[in-house]
2 protein chains.
Amino acid sequence: MRPTVHDIAAKAGVSLATVDRVLNNRPGVRSVTRDKVERAIVTLGYVRDVAAANLAKGRNYPFVFILPAGDNSFMRGLEGEVRAAMARSASERTQITILPVPAFDAQALVQALSDAHQRRPAGVAVVAVDAPEVAEAVKQLRDDGIAVVTLVSDLPGSGRDHFAGVDNIAAGRTAGTLMGRFTCGRAGPIAMLAGSMLVRDHRDRLEGFTAVMAEEFPARRLLPVIEGQDDPVLVEKLVHALVEREPDLAGIYSLGAGNRGLIAALDKTGKSKMVCAIAHELTSHNRAALRSGTIDAVLNQDAGHEVRSAIRVLKARADGLAVIEAQERIRIDIFLKDNLPIEQA
Amino acid sequence: MRPTVHDIAAKAGVSLATVDRVLNNRPGVRSVTRDKVERAIVTLGYVRDVAAANLAKGRNYPFVFILPAGDNSFMRGLEGEVRAAMARSASERTQITILPVPAFDAQALVQALSDAHQRRPAGVAVVAVDAPEVAEAVKQLRDDGIAVVTLVSDLPGSGRDHFAGVDNIAAGRTAGTLMGRFTCGRAGPIAMLAGSMLVRDHRDRLEGFTAVMAEEFPARRLLPVIEGQDDPVLVEKLVHALVEREPDLAGIYSLGAGNRGLIAALDKTGKSKMVCAIAHELTSHNRAALRSGTIDAVLNQDAGHEVRSAIRVLKARADGLAVIEAQERIRIDIFLKDNLPIEQA
DNA sequence: ACATTTTTGATTTACGTACATCAAGATTTC
DNA sequence: GAAATCTTGATGTACGTAAATCAAAAATGT
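Throughout, a residue's number is its position along its own chain's written sequence, starting from 1. To read the labels, note that chains go from A and ligands from 1, taken in the order they are written. Owing to the predicted nature of the model, reporting of local features is limited to residues with pLDDT of at least 70; listing and counting of side-chain atom pairs is limited to 80 or more, with chain, interface and lining totals taken over all residues. The basis for every side-chain value is the complete set of heavy atoms in the structure, and neither hydrogens nor water enter the calculation.

What makes a nonpolar core is a set of buried Ala, Val, Leu, Ile, Met, Phe, Trp, Tyr and Cys residues whose side-chain atoms join them at distances within 4.5 Å. Burial status follows relative accessibility: with a 1.4 Å probe on protein chains alone, a residue under 20% of its type maximum counts as buried, one over 50% as exposed, and anything between as partly exposed. Grouped together as the largest cluster of nonpolar side chains are 46 residues, with contacts concentrated most on Leu178(A) and Leu178(B). Only heavy atoms enter the contact rule, under which two residues are in contact if any of them lie within 4.5 Å. With near-sequence residues (within four places) excluded, Leu178(B) lies in contact with Phe182(A), Leu336(A), Ile278(B), Ala297(B), Leu299(B) and Ile334(B).

Below, the structure is given as structure tokens:
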């Protein structure tokens, strides 16, 4: 059987109360006694039974998730994963509140962070907009002992505890390699379609993509970046104009959202088979387009993993425990039509 | 606060003991009383505090993992993951025993299953060899109420509770799509290198690969399958002979192990850049070859996920709980040199 | 109506930890 | 050397559930 606090007390020749004082570093223990107890802990290989400890403490973790509103499929999927986590809150001792904010609105996000602050949660997870005033608001939370994790889009220099999202430069590089190799049979230029250059993840993806294209496929002509504002209607219009302007277009890398528009434009112009399309996030639209062949590859970040990782990290930080960064890294999934997971409800 | 057994007792107007009898379906409760209690459970939305229950029960789960011996990097990685799970056994209340068996040896595996049976564990995880006598041995375990999960390689028709591994037909199809597209600039045939056609996962991968090649790239010539017995030395010899025999070889799909030999042969013959190589499992050799460009893509199954999933399923089965199959599906990871995760210790 | 069986209640102990209280012992301070 | 402080022990309660015991009550059979 694994050792308990009683075993430590016996081994160290002290009382249970003293062991408790050491374990929960309460005051009132001489350093010699503390040493004795700590040695006993090490030699016995004691590890605290977290389940029992949480039971005794009646511990629970109030968290706030700040998510962008709007009809972005990926973000709605993310919200779904947060709600799934809320459904598990009984067994995980979490109490999660969702705070919706308008997308790409730094000021609204600052307000939401302030609202979250007032609720005095143990931690906050936020899909960040990259702006100094947002970083400042995050700092205030941290100063007040509230753990902060950025979700999907990071906010460097804010002192956030952790970023639960993918390496978007690597994602862009991967897209570049796939694009370069998939289009090796065709001449013609390659287009890049972003949502907005104001958000960090889009900038990072673009950087990785253009770097690989320059290094590995220098002969390939890259068209200027198109910004579709993640809006399906605008995206469709822009892509339609693009394929008319560039009849020998070889490929298009969509590094943001609004892919419904991209798919519609390619299908309607009959370019689906000719143009190699690579997009992000395995939404239902992208999934269908992958299956039909309109989209050739999808890079995905698993929203469920991100949410669960964020919660694990927030819990650990709330308890003052260390986080194994390597274990919390979110991978970039590559989907082709042949390795699509079965759709879930 | 979430409701407790006491709340149920009060609500249903019965004693705590009766609530306990209902919850753990012990005998001695009239059906009318049982109904009253169950209604109270539903209306209060009671969910058992698993942590407290396990604490009270002192529950633990003795499991046996049967793994192939030998120097197969993937299998050693798998064993590492099982050992990592053993290190967590204190907090997970598991007691895991590893039973090594010679690889590809049905008779030895039957013996190991029988040994496992005698230990009377709550569950067994086994890397299966596809043979009727193995299926029979698995059936005997199941008949004795021991949960059985196949790991990595499945054993259909054995009545195993679950398969913790990837869809190898889909893996082969994915490899086929990548191969077809990556080699679109080059003429020349494509070779397939298997370990042995006696194991099911290799057969499945081959089936998927050849199917996609036939459907999508019918012009491409496929060479007869080479069997390298997962042995690096033999593989190197065979691949060396292959590239001399087929100087315009466009690609090679290695669907088994022993990739050290493949990498060495390609590097020594100076064919690394010309031949598109796709292999399985992100071992340290494959990782290095991916980085250097000798291997172009690696399909990976995450051994850690497989082990953790197997344990979750075994626990659920031991407790007679349902398993959400969709949640336990193991994905096929595609790695290019641009999305390689940082190497871990 | 009685004996018998089944059902229910009341109560206790246990799991491993947290946390509080009070008293007693050991040290330090003046 | 007495007073003040610091350190430790002893003990109890709590968290939510499991499981056992024994007594009491209710239902059943004859």
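In the neighbourhood of DNA strand C, 26 residues make up the surrounding shell, with Tyr46(A), Arg48(A), Thr18(B), Arg30(B) and Thr33(B) lying closest. Between N or O atoms, a polar contact is any pair within 3.5 Å; within protein, one atom must be a potential hydrogen donor and the other a potential acceptor, and residues adjacent in sequence are included only when both atoms are from side chains. Contact distances for DNA strand C include 3.0 Å between a base oxygen and a side-chain N or O atom of Arg21(B). Between Ala56(B) and DNA strand C, the recorded distance is 3.2 Å, taken from a backbone N or O atom to a base oxygen. Starting at the N terminus, helices and strands are each numbered in turn, a helix being any DSSP run of H or I of at least four residues and a strand any DSSP run of E of at least two. Those elements that place two or more of their residues in the surface near DNA strand C are helix H1 (5-12) and helix H4 (50-57) of chain A together with helix H2 (16-23) and helix H4 (50-57) of chain B. Classifying every residue of the surface near DNA strand C gives 11 nonpolar, eight polar and seven charged. Near residues are defined by distance, with any heavy atom within 4 Å of the molecule or strand qualifying the residue. In this classification, the charged set is Asp, Glu, Lys and Arg, the nonpolar set is Ala, Val, Leu, Ile, Met, Phe, Trp, Tyr, Cys and Pro, and all remaining amino acids, among them Gly, are polar.

Now for helix H10 (residues 200-216) of chain B. Given a rise of 1.5 Å per residue, 17 residues ought to cover 24 Å, and the 24 Å separating the end C-alpha atoms of H10(B) matches this to within 8%. Those residues of H10(B) hidden inside the fold are in contact with helix H9 (168-182), strand S6 (190-194), strand S8 (251-254), strand S9 (276-280) and strand S10 (297-301) of chain B. To estimate how far a helix should reach, multiply one less than its number of residues by 1.5 Å.

Take the packing of aromatic side chains next. Aromatic pairs are defined between Phe, Tyr and Trp rings, using the six-membered ring for Trp, whenever the two ring centres lie within 6.5 Å; interplanar angles under 30 degrees are classed as stacked, those over 60 as edge-to-face, and all others as tilted. Here the structure, examined in full by the defined rule, presents five aromatic pairs over all chains. A centroid spacing of 5.9 Å and a plane angle of 50° characterise the contact between Phe182(A) and Phe182(B), whose relative ring orientation is tilted. Residue Phe182(A) is found in helix H9 (residues 168-182), and its partner Phe182(B) is found in helix H9; the two belong to separate chains. Each member of the pair Phe182(A) and Phe182(B) is classed as buried. The residue whose ring lies beneath Arg181(A) is Phe182(B), and the NZ or CZ to ring-centre distance is 4.4 Å. A ring is considered to have a charge above it if a Lys NZ or an Arg CZ atom is located within 6 Å of its centre and within 35 degrees of its normal.

It is worth spelling out the sheet that holds S8(B) at this point. All names here are of chain B. Any two strands with at least two DSSP bridges between them are considered paired. Strand order in the open sheet formed by six strands is S7-S6-S8-S9-S10-S11, and the pairing between neighbours is mixed. Only two strands of the sheet have a single neighbouring strand rather than two, namely strand S7 (226-227) and strand S11 (332-335). Examined bridge by bridge, S6 and S7 share two bridges and lie parallel to one another. Residue pairing across strands places Ala 194 opposite Glu 227, the latter belonging to S7.

A few words now on the protein's contact with DNA strand D. Taken together, the neighbourhood of DNA strand D is formed by 28 residues, with Thr18(A), Arg30(A), Thr33(A), Tyr46(B) and Arg48(B) sitting nearest. Per the 4 Å cut-off to the protein, sugar and phosphate atoms form 71% of the nearby atoms of DNA strand D. Between DNA strand D and Thr18(A) there is a distance of 2.6 Å, counted from a phosphate oxygen to a side-chain nitrogen or oxygen. Sorting elements by how many residues they give to the surface near DNA strand D places H4(B) first, with four residues. In terms of residue class, the surface near DNA strand D is made up of 12 nonpolar, eight polar and eight charged.

Our next topic: the state of the cysteines. Cysteine sulfur pairs qualify as disulfides if the two atoms are within 2.5 Å. All chains considered together, the criterion is met by one disulfide over all chains. Between the sulfur atoms of Cys184(A) and its disulfide mate Cys184(B) the distance is 2.3 Å. Residue Cys184(A) is found in the loop between H9 and strand S6 (190-194), and its partner Cys184(B) is found in the loop between H9 and S6; the two belong to separate chains. Accessibility expressed as a relative area gives 34% for Cys184(A), which makes it partly exposed.

Attention now moves to unusual backbone geometry. Positioned with a positive phi, Phe104(A) is a non-glycine residue whose angle comes to about 55°. By the secondary structure assignment, Phe104(A) is in the loop between strand S2 (94-101) and helix H7 (106-118).

What follows concerns the interface of chain B and chain A. With 37 residues of chain B in contact, the opposing surface of chain A contributes 37 residues. For the chain B and chain A pair, buried surface summed over both sides reaches about 3200 Å², with 53% attributable to carbon and sulfur atoms. Once two parts are joined, some of their accessible surface, as seen by a 1.4 Å probe, is lost; buried area is that loss totalled over both. Contact with chain A buries area across many residues of chain B, yet Arg181(B), Arg331(B) and Asp338(B) alone supply 21% of it, more than any other trio. A pairing counts as a salt bridge when a side-chain nitrogen of Lys or Arg comes within 4 Å of a carboxyl oxygen of Asp or Glu. Across the contact surface, chain B and chain A share 12 salt bridges. A salt bridge links Asp338(B) to Arg173(A); the shortest N-O distance between them is 3.3 Å. Listed by contribution, the elements that provide at least two residues to the side of chain B that touches chain A are H4, helix H6 (89-92), H9, H10 and S11 of chain B. Among the residues forming the side of chain B that touches chain A, the class breakdown is 17 nonpolar, seven polar and 13 charged.

This structure, assessed with the given rule, holds 49 salt bridges over all chains. Arg76(A) is the partner of Glu79(A) in a salt bridge, and the nearest nitrogen-oxygen pair spans 2.8 Å. Of this pair, Glu79(A) and Arg76(A) are both found in helix H5 (residues 73-87), three residues apart, which corresponds to roughly one turn of the helix. For Arg76(A), a relative accessible area of 28% corresponds to the partly exposed category. Put simply, Asp20(B) and Arg26(B) hold a salt bridge, and the shortest N to O gap is 2.7 Å. Each of Asp130(A), Arg200(A), Arg203(A) and Asp204(A) takes part in one network of salt bridges that share partners.

Another point: H4(A). Between the side-chain oxygen of the N-cap and the backbone nitrogen of Ala51(A) there are 3.0 Å, and the N-cap of H4(A) in question is Asp49(A). Looking one or two places after H4(A), you find Gly58(A), whose phi comes out positive at around 65°.

Once that is clear, we can look at the pairing of strand S4 (residues 147-151) of chain A. Residues and elements named next belong to chain A. Counting buried positions along S4 yields five of five residues, so the element is predominantly enclosed. Alternating residues of S4 divide into Ala 147, Val 149 and Leu 151 and Val 148 and Thr 150, and every residue in both groups is buried. Of the strand pairs in this sheet, strand S3 (residues 123-126) and S4 are connected by four bridges, and their pairing is parallel. Among the inter-strand pairings, Val 126 is bridged to a residue of S4, identified as Thr 150. Tracing the backbone out of S3, into helix H8 (residues 132-143) and back to the parallel element S4 gives a crossover that is right-handed. When the strands point away from the viewer, a crossover counts as right-handed if the route from the first strand across the helix to the second turns clockwise.

All names here are of chain A. Relative orientation of the contacting elements helix H11 (residues 232-245) and helix H12 (residues 259-268) amounts to 35°, with a least axis distance of 7 Å. Note on packing geometry: the crossing formed by H11 with H12 is right-handed. Touching Pro 232, Val 235, Glu 236, Val 239, His 240 and Val 243 of H11 are Arg 260, Gly 261, Leu 262, Ala 264, Ala 265, Leu 266 and Lys 268, all from H12. Looking at the contact of H11 with H12 residue by residue, the class counts come to eight nonpolar, two polar and three charged. Structural elements are reduced to axes, namely lines fitted to C-alpha atoms, with helices fitted over the stretch in contact, and the angle between N-to-C directions of any two is expressed from 0 to 180 degrees. Take the far helix as your reference; a near helix turned counterclockwise from it by less than a right angle gives a left-handed crossing, and one turned clockwise gives a right-handed crossing.

Attention now goes to the sheet that holds strand S5 (residues 162-164) of chain B. All names here are of chain B. Taken together, the five strands give an open sheet; going across it, the order is S2-S1-S3-S4-S5, and neighbouring strands pair in parallel fashion. Two strands in the sheet have a free side with no partner beyond their single neighbour: strand S2 (94-101) and S5. When strand polarity is set aside, the average angle formed by the axes of neighbouring strands in this sheet is 20°. Both strand S1 (residues 61-68) and S2 contribute to a ladder of eight bridges, which runs parallel. Residue pairing in the sheet places Leu 67 in a bridge with Pro 100 of S2. Sheet strands touched by helix H5 (residues 73-87): S1, S2 and strand S4 (147-151). Its angle to S2, the strand with the most contacts, is close to 160°.

A separate point is the environment of Gly185(A). All names here are of chain A. Within the secondary structure, Gly 185 is located in the loop between H9 and S6. With a relative accessible area of 59%, Gly 185 lands in the exposed category. As a C-alpha pair, Gly 185 and Ala 250 span 65 residues in sequence and 9.3 Å in three-dimensional space.

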